[in-house]
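# Understanding the architecture of this molecule
So you can see what is in the structure, the chains are spelled out below.
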Amino acid sequence: MPSSRLTPRQAQILQFIRSYTGTQQMPPTQAEITAAMGFSSRTATRDHLRALEKKGVLELKPGASRGIQLLTPTLSASLPLIGRVAAGQPILALENVLAQHVIDPQLFHPRADYLLQVQGQSMRDAGIADGDLLAVHRTPEARNGQIVVARIDDEVTVKRFERHAEWVSLLPANPDFSPIRINLRKQSLHIEGLMVGLIRQSSPP
């Protein structure tokens, strides 16, 4: 088990290494990680890899070009990936689970319960892009300013939460999209959870 939580960037790098290794049947080189993460030099990659090694999620083999060995996680160290949520179904219904990702829920604070695949660009300016994986802590409550997964009737959306008396505004982070305003007396709104982390989906080079 890792000794401490990963930063969002560390979690992103770890997920890239796992995805690349699963697809290519070998770990990426530091150069490939540098390119995939958009770093300007390999120094940043090496620093992140050393930090991940200290946290117990991988082992580095000196002198090897592909000297990254992922350490076997515990069976509980995974999160279900949720895709498009079907109308009328609970968000964690079996039909909505696309896969299990080997990411320890305890790496996030508060603890993540699932990953949600982002669809669309409405939260672009908050750094959340189409296809990203949102780590979500399941809770029915939210404070103003938090990014939430909300269900309006049978539609699920990711927006910034803002409440004023009997109204709730779900605010996009993209000027091309309009806020969603909900009159709590007339419409059904359920907070499914809070964003606690983000994993950018990167394709192997």
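Relevant structure appears above.
Residues numbered from 1 in each chain as written. Predicted model: local features only at pLDDT ≥ 70, side-chain atom pairs only at ≥ 80, totals over all residues. Heavy atoms only, no water.

### A short note on the overall build of the protein chain
Definition in use: The helix count covers DSSP runs of H or I at least four residues long, the strand count covers runs of E at least two residues long, and both are numbered beginning at the N terminus. For the exposure calls, accessible area comes from a 1.4 Å probe over protein chains only, and a residue counts as buried if that area is under 20% of its type's maximum, exposed if over 50%, partly exposed in between. Between two residues, a contact is recorded if the distance between any of their heavy atoms is within 4.5 Å. In these tables, accessible area is a Shrake-Rupley quantity obtained with a 1.4 Å probe, and a residue counts as shielded only by the protein chains included in the view.
Helices and strands together make up the secondary structure of the protein chain, namely three helices and eleven strands. In sequence order, the protein chain lays out its α and β elements as α-α-α-β-β-β-β-β-β-β-β-β-β-β. Going through the 205 residues of the protein chain one by one, you find that 43% of them count as buried. A separation of at least 24 residues holds for 56% of the contacts in the protein chain among residues at least 6 apart in sequence. Split by element, the accessible area of the protein chain, about 10900 Å² in all, is 49% carbon and sulfur.

### Overview of the side chain of threonine 157
Condition: Any N or O atom pair separated by 3.5 Å or less is treated as a polar contact, with the protein-specific requirement of one donor-capable and one acceptor-capable atom, and with residues adjacent in sequence counted only for side-chain atom pairs.
Mapped onto the secondary structure, threonine 157 falls in strand β8 (residues 155-164). Engagement of the side chain of threonine 157 in a polar contact is seen with the side chain of lysine 159, the distance being 2.7 Å. Those residues in contact with threonine 157 that lie beyond four places of it in its chain are Val148, Val149, Ala150, Ile152, Leu170 and Ile180.

### Re the side chain of serine 122
Position of serine 122 relative to the elements: it lies in the loop between β5 (114-117) and β6 (133-138). A polar contact of 3.1 Å, which involves the side chain of serine 122, links it to the side chain of lysine 159. Every residue in contact with serine 122, bar those within four places of it in the chain, is listed here: Val158, Lys159, Pro172, Ala173, Asn174 and Phe177.

### Quick notes on helix α3 (residues 42-54)
Condition: By this rule, a helix spans an expected 1.5 Å times one less than how many residues it contains.
Spanning 13 residues, α3 covers 18 Å between terminal C-alpha atoms, matching the ideal 18 Å at 1.5 Å per step. Buried residues in α3 make contact with α1 (8-24), α2 (30-37), β1 (58-60) and β2 (68-70). Where α3 terminates, the next one or two residues include glycine 56, which has phi positive at roughly 80°.

### A few points about the nonpolar core
Here is the rule: Put simply, buried Ala, Val, Leu, Ile, Met, Phe, Trp, Tyr and Cys residues joined by side-chain atoms within 4.5 Å make one nonpolar core.
In this structure, Tyr114, Leu116, Ile128, Leu134, Val149 and Val158 are the most contacted members of the largest nonpolar core, which totals 14 residues. The set of elements that each furnish at least two residues to this core consists of β5, β6 and β7 (147-152). Setting aside anything within four residues of it in sequence, one finds valine 149 in contact with Ile91, Tyr114, Leu116, Leu134, Val136, Val156, Thr157, Val158, His190, Ile191, Glu192 and Gly193. Judged by nonpolar contacts, the second largest core, of 13 residues, contains Phe16, Ile17, Leu49 and Leu52.

### Side note on the packing of α2 against α3
Geometrically, a packed helix pair is captured by the angle between its two axes and the distance between the axes. Here is the rule: Fitted lines through C-alpha atoms serve as axes, helices being fitted only where they are in contact, and the angles separating the N-to-C directions of these axes extend from 0 to 180 degrees. Each angle gets one of four labels, with under 35 degrees taken as roughly parallel, over 145 as roughly antiparallel, 65 to 115 as roughly perpendicular, and the rest as oblique. Side-chain classes follow a simple rule in which Ala, Val, Leu, Ile, Met, Phe, Trp, Tyr, Cys and Pro form the nonpolar group, Asp, Glu, Lys and Arg form the charged group, and the remainder, Gly included, forms the polar group.
Here α2 crosses α3 at 105°, and the two axes come no closer than 9 Å. When the axes of α2 and α3 are compared, the pair comes out roughly perpendicular. Contact residues: Gln30, Ala31, Ile33 and Thr34 in α2; Arg42, Thr45, Arg46 and Leu49 in α3. Residue classes in the contact of α2 with α3 are distributed as three nonpolar, three polar and two charged.

### Notes on the packing of aromatic side chains
This is how the line gets drawn: Geometry of aromatic contacts follows a simple scheme: Phe, Tyr and Trp rings, the Trp one being its six-membered ring, pair when their centres are within 6.5 Å, and the pair is stacked under 30 degrees between planes, edge-to-face over 60, tilted otherwise.
In this structure the tally under the stated criterion is one aromatic pair. Judged by centre distance (5.9 Å) and plane angle (55°), the rings of phenylalanine 16 and tyrosine 20 are tilted. Of this pair, phenylalanine 16 and tyrosine 20 both sit in helix α1, four residues apart, which is roughly one turn of that helix. Judged by its relative accessible area of 3%, phenylalanine 16 falls in the buried class. For tyrosine 20, a relative accessible area of 3% gives the class buried.

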